[in-house]
Amino acid sequence: DLQRKRIQRQTPSRRFINNARFLNQLGIQAPDVTEWYSCDELAVQMVIYQRIPGRDLRDLTASGDTTALDLFPTFLARLHDKGIYFRAIHLANVLYQDNGWALIDVADMQFKSGPLGVFHRARNLSHLFNVAEDQTALAAFGEQQLVAAYCHSANVSTWQYQLIRLWIRLHRRA
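Conventions and cut-offs
- Residues numbered from 1 in each chain as written.
- Predicted model: local features only at pLDDT ≥ 70, side-chain atom pairs only at ≥ 80, totals over all residues.
- Heavy atoms only, no water.
- Helix = DSSP H or I, 4+ residues; strand = E, 2+ residues; numbered from the N terminus.
- Buried < 20%, exposed > 50% of the residue type's maximum accessible area, 1.4 Å probe, protein only.
- Contact = heavy atoms within 4.5 Å.
- Phe/Tyr/Trp six-rings, centres within 6.5 Å; stacked < 30°, edge-to-face > 60°.
- Lys NZ or Arg CZ within 6 Å of the ring centre and 35° of its normal.
- Axes fitted to C-alpha atoms, helices over the stretch in contact; angles between N-to-C directions.
- Parallel < 35°, antiparallel > 145°, perpendicular 65-115°, else oblique.
- Left-handed = near helix turned anticlockwise from the far one by under 90°.
- Nonpolar A, V, L, I, M, F, W, Y, C, P; charged D, E, K, R; others polar.

A. Structural view of the environment of I168. Structurally, I168 can be placed in helix α8 (residues 158–170). With relative accessibility at 5%, the residue I168 sits in the buried group. I168 sits 46 residues away from A122 along the chain, and the two C-alpha atoms are 6.7 Å apart. In this structure, I168 is in contact with A122, L125, S126, F129 and V147, ignoring residues within four places of it in sequence.

B. Examining the packing of aromatic side chains more closely. A full pass over the atoms with the stated rule returns six aromatic pairs. Ring centres 5.7 Å apart and planes at 25° place the aromatic pair F16 and Y49 in the stacked group. Placement of the pair is F16 in helix α2 (residues 12–25) and Y49 in strand β2 (residues 44–49), with a sequence separation of 33 residues. With a centroid separation of 5.0 Å and an interplanar angle of 10°, the aromatic rings of F75 and W101 are classed as stacked. Placement of F75 in helix α4 (residues 67–81) and of W101 in strand β6 (residues 100–103) is noted, with a sequence separation of 26 residues between them. Of the two residues, F75 and W101, neither departs from the other in class, the shared state being buried. An aromatic cluster of at least three residues, connected via ring pairs, comprises F72, F75, Y96 and W101. The positively charged end of R14 is found above the aromatic ring belonging to W36, 4.8 Å away from the centroid.

C. View of the packing of helix α5 (residues 118–129) against α8. Their axes nearest at 9 Å, the elements α5 and α8 cross at an angle of 40°. The orientation of α5 with respect to α8, classified from their angle, is oblique. In terms of crossing hand, the pair formed by α5 and α8 is right-handed. Residues V118, F119, R121, A122, R123, L125, S126 and F129 of α5 lie in contact with α8, whose contacting residues are W159, Q160, L163, I164, W167 and I168. Of the residues that constitute the contact of α5 with α8, the class distribution is ten nonpolar, two polar and two charged.

What follows is the structure, encoded as structure tokens:
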């Protein structure tokens, strides 16, 4: 379809800018890009934005603070309810702030017209659990605890909960 081809031709930096703007419009804090540079000869692009306050979940869990991780499933369910499929999901791309949450590295995501279906939800969660740098922290926190809290926040049915758990187990990277 024409729109899909147009989106695929966008450069990563252009997708980053557009996604960040759209997230901010949806009430999800994301980078506010102030400058954009491109050097076609070197195939290099760069976006400049102000630092977003907060600490990433990877840093927080490494320091032994799991308070934000307790709240994370509710935030992730909110993203999915808004139709946001965040492919670059990992603990270093989610910032916890005093007043909420923010996302960084937002070039690789999709926006659906309604809440994500169970398969997109399961795929996104499996991406999270397959990031090598986060596996120890997520295992220590309790993967099943996180999935159960997410499913409760997302108000999914029992069979959807079982399907999400199965999907994650079947798509686990060794």
